[in-house]
Each structure stands twice: as C-alpha cells, then as structure tokens.
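# Fold and geometry: a report
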Amino acid sequence: MTLPVRAAVLREVNAPFALEEVELDAPRQGELRVRVHASGICHTDLSYRAGQGRFAFPAVLGHEGAGVVESVGEGVAGFEPGDAVVLSYYSCRACGTCARGQPAYCEQGYAGNFSGARPDGTYPMRWRGEPIRSGFFHQSSFATHVLAHQHNAVKVAKGAPLELLAPLGCGFQTGAGAVLESFRLQPGQRLAVFGVGAVGLAAVMAARVAGAASIFAVDLDARRLELARELGATDTFLADEPELTRTVLKKTRGGVDFALECVGSPKVLRQAFDVTRPLGTCGLLGLPGADAQVSIPMTALLFGKRLVGMLEGDADPKRFIPRLVSLHAEGRFPIEKLSRSYDFEAINDAVHDMESRTAIKPVLRMHTGAAR
Ligand SMILES: [Zn+2]
Ligand SMILES: [Zn+2]
C-alpha cells in the first residue's frame with residue numbers, strides 16, 4: 001500500500017522546488033516510515049539542485065530530516081511507531097569499513113546516499129505514476145513522510161525538539177565530528193576554521209567543548225565572524241585580509257594544531273594547510289567542484305604535516321548524534337543560534353536566504369505541534 005504524501009519536487013536543474021503529491025512505498029525490509037516534522041537544508045542539497053550530483057530529475061532532495069516513526073518494515077529492531085528519530089546518512093553496518101568503525105566511508109555509501117535510490121536501485125517515491133529519484137541519503141526529507149532505514153535513523157527522546165535537532169543529521173555532525181571524532185582535539189590545542197557557515201560554526205562550538213586554547217575563525221562575512229566569536233572563537237579574520245597566513249603563523253608561533261577547510265576552495269585549502277604547524281593536521285570538509293586541484297609544498301609534508309579529507313566529520317551517527325543532543329541539552333552546543341525556521345511552503349524562500357547568506361541553517365517545518 002502506497003501513501004500519498006507532499007514532497008518538494010525538483011523537476012530540473014536549478015528549477016524552483018514545487019510542492020506536489022507523490023506516492024510513497026510501504027516500508028520494506030529494514031525500513032521505517034517517518035512522519036517528517038522538520039528538515040534542515042544543507043549545502044549538498046543546493047549542489048545537487050545545481051546539477052553537481054549528475055543525477056536525473058525529477059527528484060526529491062533533503063537529508064537532514066527528523067520526525068516520528070509511523071510504521072516499520074520487516075526485520076526492524078529497536079524502533080517502533082511513536083519513536084522520535086533524527087535521520088542521518090546511510091551505511092550498511094556490515095562491510096569491512098563499517099566493521100572498522102568508519103561508516104562514513106561504507107562500501108555502499110554512494111549507492112545508499114548519493115544515487116537517489118535505495119541501495120538496491122529501486123525508488124521509494126512515485127510522481128504522476130513514474131518512479132522518481134528519491135531516497136537521497138535514504139530519506140529525501142523535503143517531504144511530509146519518508147522511508148528511512150534503521151541504519152540511518154537515530155532515536156531521541158519522545159518530545160525532543162525535533163525542529164532544532166534535525167540539522168544534527170549532516171551539517172552540524174560534520175563540523176563537530178571533525179573536531180571531536182576525527183581530530184580528537186585535546187584541551188590546550190589550537191584550531192583554525194576557514195568558512196564559518198553551519199559546518200564551520202559547529203566546529204567552533206565543538207572546539208570550545210573540547211577545551212581548545214585558541215579558536216581562529218576566518219570568513220568573508222563580518223557578521224558571521226561576530227557570531228563565531230559569540231560561540232567561542234578567540235580570534236577572527238576577514239578572509240580577504242592581506243597577510244592572513246603570516247598573521248596566524250605569527251600569533252601561534254609556527255601554526256595551529258588543526259585547521260579545517262569548510263568552503264571547498266583550492267585557495268582556502270592551501271591557506272588552511274599553510275597555517276597548520278609541523279605534525280599538525282589540516283582537514284578538508286568543504287565540497288569542491290569535481291575538477292578542483294590543489295598544489296601543496298612537498299617539503300611541508302615532510303615535516304609531519306597531514307592533509308586529510310573527511311566525510312561527515314568521520315562521525316558514526318548512532319554514537320555521535322546522541323552525544324550532540326546531550327551537549328545541546330547542557331547548553332554547550334547552542335545550535336538554535338544558527339537556525340531559522342520556515343514553513344515547508346516557503347522552501348524556495350529558505351533556499352534563497354541560504355544562497356544570499358542571510359540564513360545560516362534554514363530548517364523547514366513539515367508538521368508542527370506535539371509528536372504523536
Ligand atoms: Zn558498510
Ligand atoms: Zn549535508
């Protein structure tokens with residue numbers, strides 16, 4: 001039995017989203033039907049909307065959903081109707097990479113997250129009778145109801161603030177995961193964050209949680225730098241400041257322990273690498289263009305410097321999202337300062353505000369009111 005639901009259908013590259021009725025499959029093996037309360041919008045959604053994913057349209061995007069389980073398919077363990085869940089990225093939990101505790105690099109990660117289909121190639125949604133690309137990150141959360149998988153759903157307390165928690169599934173997890181899971185930053189260490197949007201600001205908040213001695217924030221936007229300071233940055237720099245690299249090196253007497261690139265630009269990655277001290281680590285989180293190249297001085301690498309790319313901040317959502325929920329409840333991860341809510345019908349306004357940098361993390365409300 002399929003269910004008629006409302007979804008934001010994208011008919012072609014860069015078209016506006018159109019709210020239309022689609023048919024959603026009944027949950028299959030391992031799947032959960034989730035009534036979506038809210039979904040964040042992440043930069044990856046915008047990249048896919050712009051055609052970077054090279055997948056066929058029409059499509060339903062969205063991968064930061066949160067809601068309440070309505071029904072479960074066969075073989076589902078640990079979830080039942082009425083459970084509140086935050087949805088994250090899909091991993092198979094069975095391949096060698098998953099078994100080694102790195103689900104972000106799951107061998108089925110591409111099929112399960114980026115193909116716009118289930119890992120087996122089928123589509124959970126139909127529009128005007130035809131299957132359409134859906135199941136983005138095993139959710140396609142720009143819809144009132146979705147099929148998630150038990151492997152990418154994380155249970156949270158009933159009555160939890162789902163509208164706030166939704167973006168934990170990707171953007172906030174990515175920034176905070178880089179600092180706490182990948183770098184494992186220790187008290188007294190120093191971090192530089194290049195690009196303080198949702199991902200970079202999550203890194204700043206996480207670095208404060210970890211007890212960083214200095215947190216340098218770099219961005220083109222003075223207002224964002226002000227917010228970074230409020231959230232824990234100790235030093236802020238405009239990205240076009242001349243001598244930026246030299247100033248950071250001077251202030252740190254040789255560089256930071258960790259630098260994070262959250263923009264996806266070769267020039268910025270080079271800056272981040274250059275301010276990293278010998279034996280330090282420079283991490284890449286930003287999504288670059290498909291053909292982007294960077295050039296790095298080989299001698300700097302010889303001095304023990306590491307350059308590493310990361311997906312989802314190397315975090316395992318099953319462990320890490322509950323940790324972020326606790327930090328938020330303690331007031332140490334104040335994501336409400338980054339979010340702005342929009343009714344689902346205003347999805348195109350939300351996208352516009354994100355692109356024009358007036359909203360850092362837009363969150364769409366599909367269903368309001370108490371969880372049922
Ligand atoms: Zn796997
Ligand atoms: Zn994302």
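Coordinates for the structure precede this section.
Anyway, here's the lowdown on the structure attached to this text. (Residues numbered from 1 in each chain as written. Chains lettered and ligands numbered in written order. Predicted model: local features only at pLDDT ≥ 70, side-chain atom pairs only at ≥ 80, totals over all residues. Heavy atoms only, no water.)

Moving on, we come to the coordination of the zinc ion (ligand 1). Within the protein, Cys92 (SG), Cys95 (SG), Cys98 (SG) and Cys106 (SG) serve as the donor atoms for the zinc ion (ligand 1), at 2.3 to 2.4 Å. What the four donor atoms of the zinc ion (ligand 1) show is an angle range of 101 to 120° at the metal, which sorts the shape as tetrahedral. Sequence spacing of the donors to the zinc ion (ligand 1): C-x2-C-x2-C-x7-C. Among the residues examined, cysteine 98 registers a relative accessible area of 12% and is labelled buried. You can call cysteine 106 buried: its relative accessible area is 7%. (Donors = N, O, S within 2.8 Å, 3.2 Å for Na, K, Ca; no water. Tetrahedral: all angles 85-135°; square planar, octahedral: opposite > 155°, others 65-115°. Buried < 20%, exposed > 50% of the residue type's maximum accessible area, 1.4 Å probe, protein only.)

Let us look at the coordination of the zinc ion (ligand 2). Within the protein, Cys42 (SG), His63 (NE2) and Cys170 (SG) serve as the donor atoms for the zinc ion (ligand 2), at 2.1 to 2.2 Å. One chain supplies every donor to the zinc ion (ligand 2), and in sequence these donors are spaced C-x20-H-x106-C. Taken together, the residues span a long stretch of sequence, with cysteine 42 in the loop between β3 (31-40) and α1 (43-49) and cysteine 170 in the loop between α4 (162-165) and α5 (171-182) at a distance of 128 residues. The same class applies to cysteine 42 and to cysteine 170, which are both buried. (Helix = DSSP H or I, 4+ residues; strand = E, 2+ residues; numbered from the N terminus.)

Under the defined criterion, the tally for this structure stands at nine aromatic pairs. Judged by centre distance (4.9 Å) and plane angle (50°), the rings of tyrosine 48 and phenylalanine 136 are tilted. Here phenylalanine 136 lies in the loop between β7 (130-132) and β8 (145-149) and tyrosine 48 lies in helix α1, a separation of 88 residues in the sequence. Per residue, the accessibility class of tyrosine 48 equals that of phenylalanine 136, and both read buried. Consider the rings of phenylalanine 183 and phenylalanine 258, whose centres lie 4.5 Å apart with planes at 15°: the pair is stacked. Taken together, the residues span a long stretch of sequence, with phenylalanine 183 in the loop between α5 and β10 (190-194) and phenylalanine 258 in strand β13 (residues 256-261) at a distance of 75 residues. Among the aromatic side chains, those forming a connected cluster through ring pairs are Tyr48, Tyr110, Phe114, Phe136 and Phe137. It is lysine 305 that lies over the ring of phenylalanine 273; its NZ or CZ is 4.3 Å from the centre. (Phe/Tyr/Trp six-rings, centres within 6.5 Å; stacked < 30°, edge-to-face > 60°. Lys NZ or Arg CZ within 6 Å of the ring centre and 35° of its normal.)

Let us look at the nonpolar core. Val179, Leu260 and Phe333 are the most contacted members of the largest nonpolar core, which totals 55 residues. The element best represented in this core is helix α6 (residues 198-210), accounting for 10 residues. Dropping the residues within four chain positions of it, phenylalanine 333 is found in contact with Leu168, Phe172, Ala176, Ala202, Met205, Ala206, Leu324, Leu327 and His328. Judged by nonpolar contacts, the second largest core, of 47 residues, contains Val76, Trp127, Ala153 and Ala350. (Core = buried A, V, L, I, M, F, W, Y, C linked by side-chain atoms within 4.5 Å. Contact = heavy atoms within 4.5 Å.)

Look at the link from phenylalanine 57 to proline 58: it is a cis peptide, with omega at 0°. In this structure, proline 58 sits in the loop between α1 and β4 (65-72). Here the phi dihedral of phenylalanine 137 falls at roughly 50°; this positive angle occurs in a residue that is not glycine. Within the element layout of this structure, phenylalanine 137 appears in the loop between β7 and β8. Positive phi, close to 60°, is recorded for aspartate 314, a residue that is not glycine.

Helix-helix packing is characterised by the crossing angle of the two axes and by the distance between the axes. Two numbers describe how α5 lies on helix α11 (residues 317-329): the axes approach to 11 Å, and their chain directions differ by 95°. Our classification of the angle between α5 and α11 gives roughly perpendicular. For the pair α5 and α11, the contacting residues are Phe172, Gln173, Ala176, Gly177, Leu180 and Glu181 in the first and Pro317, Arg319, Phe320, Ile321, Arg323, Leu324 and Leu327 in the second. (Axes fitted to C-alpha atoms, helices over the stretch in contact; angles between N-to-C directions. Parallel < 35°, antiparallel > 145°, perpendicular 65-115°, else oblique.)

Bringing the pattern of salt bridges into the picture now. Applying the stated rule across the entire model yields 25 salt bridges. Where arginine 11 meets glutamate 20, a salt bridge forms, and the shortest distance between an N and an O atom there is 2.3 Å. Overall, the relative accessible area of 40% leaves arginine 11 in the partly exposed class. Take glutamate 20: its relative accessible area is 16%, and that puts it in the buried class. Close ionic contact of arginine 28 with aspartate 25 constitutes a salt bridge, the shortest N to O distance being 3.3 Å. The exposure class assigned to aspartate 25 is buried, which follows from its relative accessible area of 11%. (Salt bridge = Lys/Arg side-chain N within 4 Å of Asp/Glu carboxyl O.)

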